[in-house]
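# Remarks on the overall topology
Here is how the chains run, residue by residue.
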Amino acid sequence: MRTTMWFARLSIGLAWLLAGAAAPAADRLTNDWSVPFNSISDSAPAIGPDGTIYVGTWKGRLWALTPEGARKWTFAAGNEIKSAPAVGADGTIYFGSRDRKLYAVHPRGQKRWEFLTGGWVDSSPALGHDGTVCFGSWDGNFYALNTNGVKQWVFPTGGAIVSSPAIGADGAIYFGSHDRKFYALAADGRKKWEFATGDAIISSPALNGDQGLYFTSVDGWLYALTLEGRLRWRLRTGGITESSPVIGPDGTIYLGVFAHFWAVSPEGKKRWQRFGDPLYPFESTPFVLEGGIVGCVSRSGLLCYLTPKGEVEGKYGLSGYGYSSPTVGPTGQIYTPDNRVPYGGFSALRAGVALARTPWPKFRGNIRNTGNILDGNLYTPDAPHPQPAPAP
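The structure contained in this document is the topic of the report that follows. (Residues numbered from 1 in each chain as written. Predicted model: local features only at pLDDT ≥ 70, side-chain atom pairs only at ≥ 80, totals over all residues. Heavy atoms only, no water.)

## Details of the pairing of strand S29 (residues 302-306)
The buried count for S29 comes to four of five residues, which makes it a mostly enclosed element. In the sheet, strand S28 (residues 294-297) pairs with S29 via four bridges, with the strands oriented antiparallel. Its bridge partner lying in S29, Val-294 is registered against Leu-306. Joining the antiparallel neighbours S28 and S29 is a turn of four residues, in which Gly-301 adopts a positive phi near 90°. Sheet topology note: the S29/strand S30 (residues 312-317) ladder contains five bridges and is antiparallel. Residue pairing across strands places Cys-304 opposite Lys-315, the latter belonging to S30. Between the end of S29 and the start of S30, which pair antiparallel, lie five residues, with Gly-310 showing a positive phi angle near 90°. (Buried < 20%, exposed > 50% of the residue type's maximum accessible area, 1.4 Å probe, protein only. Helix = DSSP H or I, 4+ residues; strand = E, 2+ residues; numbered from the N terminus. Pairing = 2+ DSSP bridges.)

Laid out in structure tokens, this is it:
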């Protein structure tokens, strides 16, 4: 099935001043291609082992696109898709929908299975190396399924769960809940610890190896905890948005704080803030490129690039934006929803700079959106490509 594409080939020059590294010569941010979805998207795209791009839309469609922007297939869920898809090592795509279900879809687009919960599934699934698929639901429960969609265990919390879980090197699972608590569970579902905050937790954690983790709460604080649940520090931001932390090459933490974009030192001190239009808060999670350049998108749709010192190096207009967080492909393409496309669509913007090799450079930690700390640097060209799952 063919999809009409607009090849706008628009360009905006970028200086690409990379701190501590040589700047790529004559790099320009260009629009390589755009695809019309006829729908907006708040789903963060994932990239599969073969380069296929997956993203959900508010019309309840999961799209699969080639790296060149051709539609491979679409899969229809029963309602809106806000959850970011996660791609397993065998190519299976897992995602949640507001039809209260979590889906597993074959790389060719056929449904493998579905699992019904008691509420919307906006939480993005995390994938364990033992085959576990774990996620939260608006019904207040945190679920763990096996690769066949069979429930392994359920952990109840006192509120809706929209926070997307992260999995540590030892298999521990970390997430927040509307009940104001941040949880750490063992791989078998036993509670390791909980940490109380002053309000709901709607952001998703960033793991910094064995050094700890970061997350925000609607109480307006950025928290840094050890993996044992002890408070390292907290920083008053006043932010109440979904923007989640990411980590730069030098350990700097970047996040949106309502109308501002912040850089925070590993010790919990604010280094700088930029922008400041209260009409256009930052709900999207930023991303970090090689050399420390950081990208962020506000609700206005303005995609900005900043140096590690906070100097604005480039801008690109995506028109009115939502909650989606862009991803970066192995050749330096930025994949993102784009409301400049009539009625809503998706674009590939060529930056020529790959994702930074840090513990957590983007939403969900890596390009497959697995939320697993062990899956970093999945775009390495020499990495073997797993075989797709058998056809259903």
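Picking up where we left off.
## Some points on the nonpolar core
Counting residues in hydrophobic clusters, the biggest one holds 27 residues, and the most contacted among them are Tyr-174, Phe-182, Phe-215, Trp-233 and Val-264. Broken down by element, this core gets its largest block of residues, four residues, from strand S21 (residues 221-225). Apart from the residues lying within four places of it in its own chain, the contact partners of Phe-182 are Tyr-174, Phe-175, Gly-176, Trp-193, Glu-194, Phe-195, Ile-201, Pro-205, Leu-213, Phe-215 and Leu-225. If you look at the next biggest cluster of nonpolar residues, it comprises 26 residues, including Trp-33, Ile-47, Val-55 and Val-328. (Core = buried A, V, L, I, M, F, W, Y, C linked by side-chain atoms within 4.5 Å. Contact = heavy atoms within 4.5 Å.)

## Description of the packing of aromatic side chains
How two aromatic rings sit relative to each other is set out by the distance from centre to centre and by the angle between their planes. What the rule picks out here adds up to 28 aromatic pairs. For the ring pair Phe-195 and Tyr-223, a centre distance of 5.6 Å and an interplane angle of 70° mean the geometry is edge-to-face. Of the two residues, Phe-195 is situated in strand S18 (residues 191-196) and Tyr-223 in strand S21; the sequence distance between them amounts to 28 residues. With a relative accessible area of 14%, Phe-195 lands in the buried category. Judged by centre distance (6.2 Å) and plane angle (5°), the ring pair of Tyr-254 and Phe-261 falls under stacked. (Phe/Tyr/Trp six-rings, centres within 6.5 Å; stacked < 30°, edge-to-face > 60°.)

## Things to note about the sheet that holds strand S24 (residues 253-257)
Strands pair in a sheet through their backbones, by hydrogen bonds, and they do so in one of two ways: parallel or antiparallel. Judged by pairing direction, the sheet is antiparallel, and its four strands sit side by side in the order S23-S24-S25-S26 without closing on themselves. Each having just a single partner strand, strand S23 (246-247) and strand S26 (270-274) make up the two edges of the open sheet.

## Overview of the pattern of salt bridges
One pass over the full model with this rule turns up 13 salt bridges. Measuring nitrogen to oxygen at the nearest pair gives 2.9 Å for the salt bridge that ties Lys-82 to Glu-242. Separated by 160 residues along the polypeptide, Lys-82 in the loop between strand S6 (71-76) and strand S7 (86-87) and Glu-242 in the loop between strand S22 (231-236) and S23 bring together distant segments of the chain. The exposure class of Lys-82 is buried, given its relative accessible area of 14%. Overall, the relative accessible area of 23% leaves Glu-242 in the partly exposed class. Where Glu-114 meets Lys-101, a salt bridge forms, and the shortest distance between an N and an O atom there is 2.8 Å. Within this pair, whereas Glu-114 is found in strand S10 (residues 111-116), its partner Lys-101 is found in strand S9 (residues 101-105), the two being separated by 13 residues in sequence. Given a relative accessible area of 34%, Glu-114 falls into the partly exposed group. Overlapping salt bridges bring together Lys-101, Lys-111 and Glu-114 as one network. (Salt bridge = Lys/Arg side-chain N within 4 Å of Asp/Glu carboxyl O.)

## Some thoughts on the sheet that holds strand S13 (residues 141-145)
The strand order S11-S12-S13-S14 describes an open sheet built from four strands, whose pairing is antiparallel. Looking at strand neighbours, the two that pair on one side only are strand S11 (126-127) and strand S14 (151-156), the edges of this open sheet. Sheet topology note: the S13/S14 ladder contains five bridges and is antiparallel. For Leu-145, the partnering residue across the bridge sits in S14 and is Lys-151.

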